[in-house]
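Residue strings, one per chain:
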Amino acid sequence: MMNINTAVENRNQENTQKKRSQWFEVWRRLRKNPIGMVGLFIVLALILTAIFADIISPAHYVEYLGRVPAYEYQDLRNRNAFPSAEHPFGTDNFGRDIFDRVVHGSRISLQIGFVVVGISMIVGVIMGTVAGYYSKITDSIIMRIVDILLAIPNILLAISIAAALGAGLINVMIAVGIGYVPFFARQVRSSVLSVREQEFIEAARAIGAGDVRIMFRHILPNCMAPIIVRATMGMALAILSAAALSFIGLGIEPPIPEWGAMLSEGRRFIRDHWPSTVFPGLAIALVVFGLNMLGDGLRDALDPRLKQ
Amino acid sequence: MKKVVVVLLVAAVLGSMFLFTGCGNDQDVTPPASGTTDGGTDAGTANDDAHLIVVQPMMPNSFDPSLTNDVPSARAHALIYQTLVYQDHNRNIIPGLATSWEFLDAQTVVFTLREGVRFHNGNILTADDVAFSLNRAGESSHIAAITGFISEAVVLSDHEVKLITEEPFAPLLNHLAHSAASIVNREEVERIGDEAHGQHPIGTGPFRFHSFTAGDRYELVRFDDFNSVVPGMAEGALPVIEHITFRVVPEAAIRTIELETGAAHILIDAAASEVARIVEHNDLIMYEIPNFAVNTWLGFNTQRAPFDDIRVRQAIAYAIDIPTIVDVAWAGLGSVAQGPLPTTVRGAVTFPPIEQNIARARELMAEAGLEDGFSTDIWVNEGNAMRADAAVMIQAQLRALNIETQINIYEWGVLLPATAAGEHGMSLMGWTTVTGDPDYGLYPVYHSSNWGEGGNRNFYRNPRVDELLIIGRTSPDDAVRMEAYREAQELIMADLPLIPLWQASELYATRDNVGGFIGLPTGIINLWMVYFE
Amino acid sequence: MYKYILKRLLMMIPIIIGVTFIIFSMNYITPGDPALLALGEAAPPEAVEALREEMGLNRPFLVQYAYYMINLLQGDLGLSSVTHRSVFLEISDRFPTTLALAFYGTILSVLIGVPLGIISATKQYSIFDSAATAAGLLAVSIPNFWLGLMLIITFSLNLGWLPPSGLDHPLGWILPIITLGTGSAALVMRITRSSMLEVIRQDYIRTARAKGQKESIIIWKHAFRNALIPVVTAVGLDFGFLLGGAVLTETIYALPGLGRFMVDSIRTRDFMVVQGGVLFLAIAFSLVNLAVDILYAYIDPRIKSQYK
């Protein structure tokens, strides 16, 4: 005779297996969605570029200076050059190759995307799960905090936090990350609320599984779908926000080739030298576009109500 | 019926937001004060031939001279108010509201005032106004660096004021020529209060405040009853221009566009990257006026190793290629700095340039035991693209000495206190000798009593230099002063607490139909001389 | 209904208080001394100290906060430490510009987004749909500060059709509104599309079709009006976001709005202004949310009945 423990475990295993074939379903549906696939392609290209940046844009060796990273190498006799064979995107005000800088910037953007989403996702998910699972009071308190964060305009919140923490890549990521916590928190909370009442949760409770275990092993896995979509679109927003902050002048120290900072530097030459602003801007637009398309495709693929 | 109620509710909720918008956002118009001649000429009806439009990057903070010390405000003050004395092109002191003055002793001077000068509100200038203004300026924290020397101003008669200083202060007249020492109308300030006066100023200057729109622009109109004297204008003359609009346009490229399209006539603070374009443009004239600033130097925190070692400082001076840095970062504008003081200031000594010599630099580093280099940082203020550019080049060039430099670009709010506290290794900062007198250019920066906030962010201390700077500051004998400053500058350049990099120019541009344009090294423009050709 | 509104208004209070506390705390820990900053590079220490005393900066945190709240309750928002002008005046001078921008931007987004969304939905999976979706995603991906710069270059500089900055000329509104409204238009289109799709699938639409009603009447009379609900919500929320988020647009086009002023004030550590401004925006945002909820409750009969 099966005892209840095993029953719950079996049910979980079934769920997991169902999930595995569910994921395959999702992949199948995504494959059929042209927008999602283009987005996936772009994101993969971004990841590959970031990983192989040093090979695509290798460092230079210079007398007296040693090994100089490609995005720092200044050719002062060739400043503000236009695209050519040697410099496919031209050079900036210091004679630095813009193509090299854009390529290495992909690493920064990826970092920003992951860290920001990581921070906001972890904090937001914890907050949302706890709020959805526990009593009214805890829920109220946590959601009021979320409301307060939401009431403050996003950019201003990020700028305030960045000003309070000081400049620098990491602080910018924290500042932007905090602003996105409410979105994850709300999303997770409503998912948790709907899953909470289901039978298998009651069963788990009946056999004495602890709250934390229930929240994170049983409830949460069922809410992953919207979280994933949000995470993807969140990465896109994070890159945009970080670029916006750099553009205003807060935070990424030179010579880090962050795309928003490159836009800000190139702004002065906008009338005479379009490559300084066009290429970084295109890079941002392309990557964000890809992430948004992927997120959109995932949303459609994960939507249980869509016909096969 | 329910529908209507709901709609009204929604409208009410939304409409409550509009309550905060007040009655439109314009026109903080100066109200006519008691006994005025002319309260509110409608600036809009001035004819276009006499309407000048100026674009600049920032809005003045306040129109009251005791409440702020920023340059855009000073520009406005110079048009609205007058000072006791002025400085001419050759840095000589000429009469302003004071027709003559006499030093009773090293700490006391009596000014005789011009008679019958009218304020914008119709009041007549008396010694009471002058004493009030000077005392007020002396007490203000905001302009303490300029007017802090004032101990007390006393009324002697209707047209005589006695000024007493705590200690003998040689550059006294230069400081009184600064717009921070502008003369205000006591009755007006006491009537409406300091803060309100900052938005409704009353002065004796050739232009009268008309209105401002927060963050966007402010308007001045000609004071038709002007009967005082300003530099360059004959007695009894009035400006040709009747109406000036100062518009704020933060983006440099867009400022130029406004000038090109004729939407503006004068542009203030052209960015270095715009200069070439302006020079080439047929309808525009570029003015490059060397100003009172050694705008940027590479400063060392001499209290922090290894910058306490003169050899390291010298090595760095030899390692960097100053002419190239200046050429690239500042687009060939201004000039390579030739000493601690800009050449426009009296008594400035020029020193031969430090030629780049990497071999020698490495020798020095080896002598100091640092041939393996070290890590440090260089602090730059955010918003100054040219200094940022210079920092990037310096960073690259210092690699030759194995010095790894991290560039910290911080906004002023962080940079000022941090450098005052000595958190930096190196910094790119500068100094403007606003008074044109060497005391202001050297004392705050090099005297050891000013470590930190006072202006000596290099934490430099040389007892002999301290002595010399005090002599310069207090001696009534001009020749003694200049000699003291000469020796001080030589010692400073030998000690190298900082490496002067760039002497700045004020960059103005005008349309070619603007005549009579005179910009001063201080960044102030005598717009009363301007006319349309 | 009135109880609901009252309840919501009351709930706003703790949130607003929370906002003031958070911003006050962030201001407090932000490095940088407002007094030193006001004086600049030539700051004799006695003068700095005197100014600090004047500004009340030497008092402990809670004391400062208490003073602030007491003044706030009397309607006194304090003086700007930079201009010495009343914070209330500084804000109310600039808010209309931001309000107008957000308003016109929202109108533009509705004018473009709603029709495109409807067409997309009625022609689902067609080329038009894919193209519109892609265009929509692209619109939210382009960094709007970059878009702004590109627009200025093209329309102001090269073509000379529009003024590059400032609101002197009525034409000066066009570029900022486009820059601001593009992202929102895409959002509105998305929501309209998915909402219409929802509705079109409903049974009563099929019934109407079976009854032989004309397609265009079906779309307009039945589908659209019901699909309107989520769209109104989204548009309202978006308007709230635009109020706070126009910072970049205002910076690029040199518009004297509240967003840009906030950023400048954070830079100059003008804390009273930052406090007042964020408070203001938070209240405005909450009011907009409330208005949207009221409208939503009114339009949707299902919810309306809940509040009878």
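Predicted model, so just to flag it, every value in this text is computed and none were measured.

Novice: So what exactly am I meant to see when it comes to the overall build of chain C here?
Specialist: Assigned secondary structure in chain C consists of 14 helices and 0 strands. What you see in chain C, going N to C, is helices and strands ordered as α-α-α-α-α-α-α-α-α-α-α-α-α-α. Projecting the C-alpha coordinates of chain C onto the three principal axes gives extents of approximately 85 × 60 × 30 Å. Per-residue burial over chain C gives 56% buried out of 308 residues.

Novice: Any chance you could explain the overall build of chain B here in plain terms?
Specialist: Helix and strand counts for chain B stand at 17 helices and 21 strands. Expected size for 533 residues packed as a compact globule is a radius of gyration near 24 Å; at 26 Å, chain B falls within 12% of this value. Across its three principal directions, the C-alpha atoms of chain B cover 80 × 75 × 50 Å. Here chain B holds 533 residues, and 61% of them are scored as buried. Intrachain contacts of chain B at a sequence separation of at least 6 include 71% that bridge at least 24 residues. Surface summary for chain B: the accessible area is close to 18700 Å², and the carbon and sulfur share equals 51%. If the 31 positive side-chain charges of chain B are averaged to one point and the 68 negative ones to another, these points end up 4 Å apart.

Novice: Would you mind going over the interface of chain C and chain A with me for this structure?
Specialist: Accessible area lost upon the coming together of the parts is a frequently used measure of interface size. With 46 residues of chain C at the contact, the number on the chain A side is 40 residues. Taken together, chain C and chain A are joined by 1 salt bridge. Note that Asp296 of chain A is salt-bridged to Arg190 of chain C, the shortest N-O span being 2.4 Å. Summed over the shared surface of chain C and chain A, the result is 4 residue pairs in polar contact (both at pLDDT 80 or more).

Novice: Is there a simple way to explain the packing of aromatic side chains in this structure?
Specialist: Ring pairs (aromatic) are described by centroid distance and by the angle formed between their planes. Tallied over the full model, the rule gives 33 aromatic pairs over all chains. On the basis of an interplanar angle of 80° and a centroid distance of 5.8 Å, the ring pair of Phe307 of chain B and Phe374 of chain B is categorised as edge-to-face. Linking Phe307 of chain B in the loop between strand 13 (293–300) and helix 10 (310–319) with Phe374 of chain B in strand 15 (residues 374–381), this pair joins segments that are 67 residues apart in sequence. Across the pair, exposure class does not vary: Phe307 of chain B and Phe374 of chain B are buried alike. Here the aromatic rings of Tyr104 of chain C and Trp173 of chain C are separated by 5.8 Å at their centres, their planes lie at 75°, and the arrangement is edge-to-face. Placement of Tyr104 of chain C in helix 5 (residues 87–122) and of Trp173 of chain C in the loop between helix 7 (144–158) and helix 8 (174–200) is noted, with a sequence separation of 69 residues between them. Given the relative accessible area of 40%, Tyr104 of chain C is considered partly exposed.

Novice: What exactly am I supposed to notice about a nonpolar patch on the surface here?
Specialist: Residue and element names in this part refer to chain A. Together, Leu48, Ile51, Phe52, Ile55 and Ile56 make up an exposed nonpolar region whose accessible area comes to about 500 Å². Of all the elements in the fold, those that place two or more residues in the nonpolar patch are helix 2 (34–51) and helix 3 (53–56). Relative to the helices and strands, Phe52 resides in the loop between helix 2 and helix 3. Assessed through its relative accessible area of 40%, Phe52 is described here as partly exposed.

Novice: Help me understand the sheet that holds strand 16 (residues 403–410) of chain B in this model?
Specialist: As a general point, the strands of a sheet are linked pairwise by backbone hydrogen bonds and lie either parallel or antiparallel. All names here are of chain B. Strand order across the open sheet formed by 6 strands is 14-18-13-17-15-16, with mixed pairing between neighbours. Whereas interior strands pair on both sides, the edge strands pair on one side only; in this sheet they are strand 14 (335–336) and strand 16. Relative to strand 18 (residues 498–503), strand 14 is paired through 2 bridges, and the arrangement is antiparallel. Bridge pairing in strand 18 links Ser335 to Gln503. Its contacts with the sheet place helix 11 (residues 322–329) against strand 14 and strand 18, and it is angled at close to 40° to strand 18.

Novice: Got a minute to help me understand the interface of chain B and chain C in this structure?
Specialist: Of the residues lining the interface, 52 residues belong to chain B; the matching set on chain C comes to 60 residues. Together chain B and chain C conceal approximately 5000 Å² of surface at their shared face, both sides included; 65% is due to carbon and sulfur atoms. Our count for the chain B to chain C interface comes out at 0 salt bridges. Tallying contributions element by element places helix 1 (residues 2–19) of chain B first for the side of chain B that touches chain C, with 10 residues. Each residue belonging to the side of chain B that touches chain C can be placed in one class, and the counts come to 26 nonpolar, 14 polar and 12 charged.

Novice: What exactly am I supposed to notice about helix 8 of chain C here?
Specialist: An α-helix turns once per 3.6 residues; consequently, residues spaced three or four apart project the same way. Gly181 of chain C marks the point of greatest bend in helix 8 of chain C, at about 40°. With respect to burial, helix 8 of chain C is a largely interior element, 19 of its 27 residues being buried.

Novice: Sorry if this is basic, but what is going on with the sheet that holds strand 10 (residues 243–248) of chain B here?
Specialist: Residues and elements named next belong to chain B. Strand order in this open sheet of 7 strands is 8-9-10-1-11-19-12, and the pairing throughout is mixed. Pairing within the sheet leaves two strands with one partner each, and these edge strands are strand 8 (207–213) and strand 12 (284–290). Put simply, the sheet's adjacent strands are angled 20° from each other on average, direction ignored. Judged from the 6 bridges that link them, strand 8 and strand 9 (residues 217–222) form a sheet pairing that is antiparallel. The residue of strand 9 that forms the bridge with Thr213 is Arg217. Relative to the sheet, helix 2 (residues 71–80) contacts strand 1 (51–56), strand 8, strand 9, strand 10 and strand 11 (266–268), its axis offset from that of strand 9 by approximately 15°. Here helix 8 (residues 252–260) sits on the sheet in contact with strand 1, strand 10, strand 11, strand 12 and strand 19 (505–511), set at roughly 165° to strand 11.

Novice: Is there a simple way to think about helix 7 of chain C in this case?
Specialist: With 15 residues, helix 7 of chain C should reach 21 Å at 1.5 Å per residue; the first-to-last C-alpha distance of 20 Å fits that figure. Every buried residue of helix 7 of chain C is accounted for by Phe145, Trp146, Gly148, Leu149, Leu151, Ile152, Ile153 and Ser156 of chain C. Summarising the contacts, the buried residues of helix 7 of chain C are in contact with helix 10 (224–248), helix 11 (259–266) and helix 12 (275–302) of chain A, helix 8 of chain B together with helix 8 and helix 11 (247–252) of chain C. Two residues or fewer past helix 7 of chain C, Gly160 of chain C is found with a positive phi of approximately 65°.

Novice: Please clarify how the pairing of strand 4 (residues 98–105) of chain B should be interpreted in this entry.
Specialist: Successive side chains on a regular strand alternate, one facing one side of the sheet and the next facing the other. Residues and elements named next belong to chain B. Bridge count between strand 4 and strand 5 (residues 108–113): 6 bridges; the pairing is antiparallel. Of the residues in strand 5, the one forming a bridge with Ala98 is Leu113. Counted between consecutive antiparallel strands, the loop separating strand 4 from strand 5 contains 2 residues.

Novice: Sorry if this is basic, but what is going on with the confidence of the model for chain C here?
Specialist: Do not read the predicted coordinates in detail wherever pLDDT is low. Across chain C, the average pLDDT comes to 82, with 92% of residues at or above 70. For this predicted complex, the interface confidence score (ipTM) comes to 0.80, while the overall pTM stands at 0.83.

Analysis parameters
- Residues numbered from 1 in each chain as written.
- Chains lettered and ligands numbered in written order.
- Predicted model: local features only at pLDDT ≥ 70, side-chain atom pairs only at ≥ 80, totals over all residues.
- Heavy atoms only, no water.
- Helix = DSSP H or I, 4+ residues; strand = E, 2+ residues; numbered from the N terminus.
- Buried < 20%, exposed > 50% of the residue type's maximum accessible area, 1.4 Å probe, protein only.
- Rg over C-alpha atoms; globule rule 2.2 N^0.38 Å.
- Contact = heavy atoms within 4.5 Å.
- Areas by Shrake-Rupley, 256 points an atom, 1.4 Å probe, with all protein chains shown as cover.
- Lys, Arg positive; Asp, Glu negative; His and termini not counted.
- Charge placed at Lys NZ, Arg CZ, Asp CG, Glu CD.
- Salt bridge = Lys/Arg side-chain N within 4 Å of Asp/Glu carboxyl O.
- Polar contact = N/O pair within 3.5 Å; in protein donor to acceptor, adjacent residues only side chain to side chain.
- Phe/Tyr/Trp six-rings, centres within 6.5 Å; stacked < 30°, edge-to-face > 60°.
- Patch = residues over 30% accessible without salt bridge, like charges linked within 9 Å, V, L, I, M, F, W, Y side chains within 5 Å.
- Pairing = 2+ DSSP bridges.
- Axes fitted to C-alpha atoms, helices over the stretch in contact; angles between N-to-C directions.
- Buried area = accessible area lost by both parts, 1.4 Å probe.
- Nonpolar A, V, L, I, M, F, W, Y, C, P; charged D, E, K, R; others polar.
- Bend = angle between axes of the 7 residues up to and from the residue.
- Expected span 1.5 Å × (residues − 1).
- pLDDT = per-residue confidence, 0-100.

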